[in-house]
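Architecture and fold: a report
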Amino acid sequence: ILLIKNLKISLMNIKLKDLNKTIIKCKKCPRLVKFIKKVSTEKRKQNINENYWGKPVTGFGDINAKILIVGLAPAAHGGTRTGRAFTGDKSGEFLFKCLHKVKIANQPTSLNSKDGLKLNSAYITNILKCVPPGDKPLNCELINCSKYLDHEISSLKKLKAIVTLGKVAFENCLKIYKKKYDLIEKIEFKHGKFYILPDNLTLIPCYHPSPRNVNTKILSKTKMIVLFKKILQKINENNQRKI
């Protein structure tokens, strides 16, 4: 049994690694390829001496993840610079402080891809793997990238919940499910609402941890910590019922 379990984990790992290699090489959206090059060449004043990642940004985390956290896209001087989602920007700073409080992250900071950050039972990714100009993706770009998220969802075999950060991430995650299933229930963006999807995963909309949402108090650390505690509690309750 242990051998079969280890083999399954190994296959999951290979599948995600192959997917991530494909994502990094992707050049399907010329506008995004051009913009990434511009951002990585011109750089930001405080990062002028750094080498930017300058490629599509893959997801990362625990391959045995029960929670998938989905954002919109890597930040121009965050993920596009560091090569890791929600790393090196204000949204990530807020997110990882909250995830550390609920023991999903082993540390409260996320500065670069080699800072020792580890996720427990969670995987983080974005709907769009490349930063769009003005943080506004085109519909064709979202469609091009949606298959990558679909593959991530199907590759994470122990997944129980998908937390979407922001309305665009929520709506585009929902589009993937609408292509596969007839969704009877009305599913709309409402922070902290739990929706059971046809494949038994739970979809949970959450406000995006952007500086604007935090500064205007739409989202607070307490609000986000409470939500993740509730998600972890639900997952534990379901596990106990199966036992």
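Heads up: these notes are all about the structure in this document.

Cut-offs used in this document
Residues numbered from 1 in each chain as written. Predicted model: local features only at pLDDT ≥ 70, side-chain atom pairs only at ≥ 80, totals over all residues. Heavy atoms only, no water. Salt bridge = Lys/Arg side-chain N within 4 Å of Asp/Glu carboxyl O. Helix = DSSP H or I, 4+ residues; strand = E, 2+ residues; numbered from the N terminus. Buried < 20%, exposed > 50% of the residue type's maximum accessible area, 1.4 Å probe, protein only. 1 Å grid on protein atoms, 1.4 Å probe; cavity = no way out; pocket = protein on both sides within 12 Å on 5 of 7 lines; lining within 4 Å. Points joined across faces, edges and corners; volume = space filled by probe spheres on them. Nonpolar A, V, L, I, M, F, W, Y, C, P; charged D, E, K, R; others polar. Phe/Tyr/Trp six-rings, centres within 6.5 Å; stacked < 30°, edge-to-face > 60°. Core = buried A, V, L, I, M, F, W, Y, C linked by side-chain atoms within 4.5 Å. Contact = heavy atoms within 4.5 Å.

Now for the pattern of salt bridges. Counting across every chain of the model gives eight salt bridges. A salt bridge links Glu-141 to Arg-31, with the nearest nitrogen and oxygen atoms 2.8 Å apart. Taken as a pair, Glu-141 in helix H5 (residues 139–155) and Arg-31 in helix H2 (residues 30–42) lie far apart in primary sequence, 110 residues in all. The class of Glu-141 is buried, set by a relative accessible area of 2%. Its relative accessible area of 29% is what places Arg-31 among the partly exposed residues. The closest approach of N and O atoms between Lys-38 and Glu-42, which form a salt bridge, is 3.3 Å. One end of the pair, Lys-38, and the other, Glu-42, are both in helix H2, four residues apart, so they sit about a helical turn from each other. On the basis of relative accessibility, which here comes to 43%, the residue Lys-38 falls in the partly exposed class.

According to the stated counting rule, one finds one cavity of 30 Å³ or more in the structure shown. Looking at the largest cavity, its volume works out to about 100 Å³. Along the walls of the largest cavity sit 15 residues, with Cys-26, Cys-29, Leu-32, Cys-130 and Cys-145 positioned nearest its centre. Listed by contribution, the elements that provide at least two residues to the lining of the largest cavity are H2 and H5. Among the elements that line the lining of the largest cavity, the one with the most residues is H5, at four residues. Its residues assigned to classes, the lining of the largest cavity shows 10 nonpolar, one polar and four charged.

Here we come to the packing of aromatic side chains. Summed over all chains, the structure comprises five aromatic pairs. On the numbers, 5.6 Å between centres and 80° between planes, the contact of Phe-170 with Phe-189 is edge-to-face. Of the two residues, Phe-170 sits in helix H6 (residues 167–180) while Phe-189 sits in the loop between H6 and strand E5 (195–196), which places them 19 residues apart along the sequence. The partly exposed category is assigned to Phe-189, whose relative accessible area is 22%. Note on Phe-189 and Tyr-207: the rings are 5.9 Å apart at their centroids and 50° apart in plane angle, and the pair reads as tilted. Of the two residues, Phe-189 sits in the loop between H6 and E5 while Tyr-207 sits in the loop between strand E6 (202–206) and helix H7 (211–215), which places them 18 residues apart along the sequence. By relative accessible area, Tyr-207 is classed as partly exposed at 26%. Taken together through their ring pairs, the aromatic side chains of Phe-170, Phe-189, Tyr-195 and Tyr-207 make up a single cluster.

On to the nonpolar core. Inside soluble globular proteins, nonpolar side chains tend to come together where they are buried. Counting residues in hydrophobic clusters, the biggest one holds 41 residues, and the most contacted among them are Leu-68, Leu-149, Ile-153, Ile-162 and Leu-203. Counting residues per element, the ones that place at least two in this core are helix H1 (2–25), H2, strand E2 (67–71), H5 and H6. Among the elements that make up this core, the one with the highest residue count is H6 (six residues). Those residues in contact with Ile-153, other than ones at most four positions away along the chain, are Leu-68, Leu-159, Ile-162, Tyr-177 and Leu-201.

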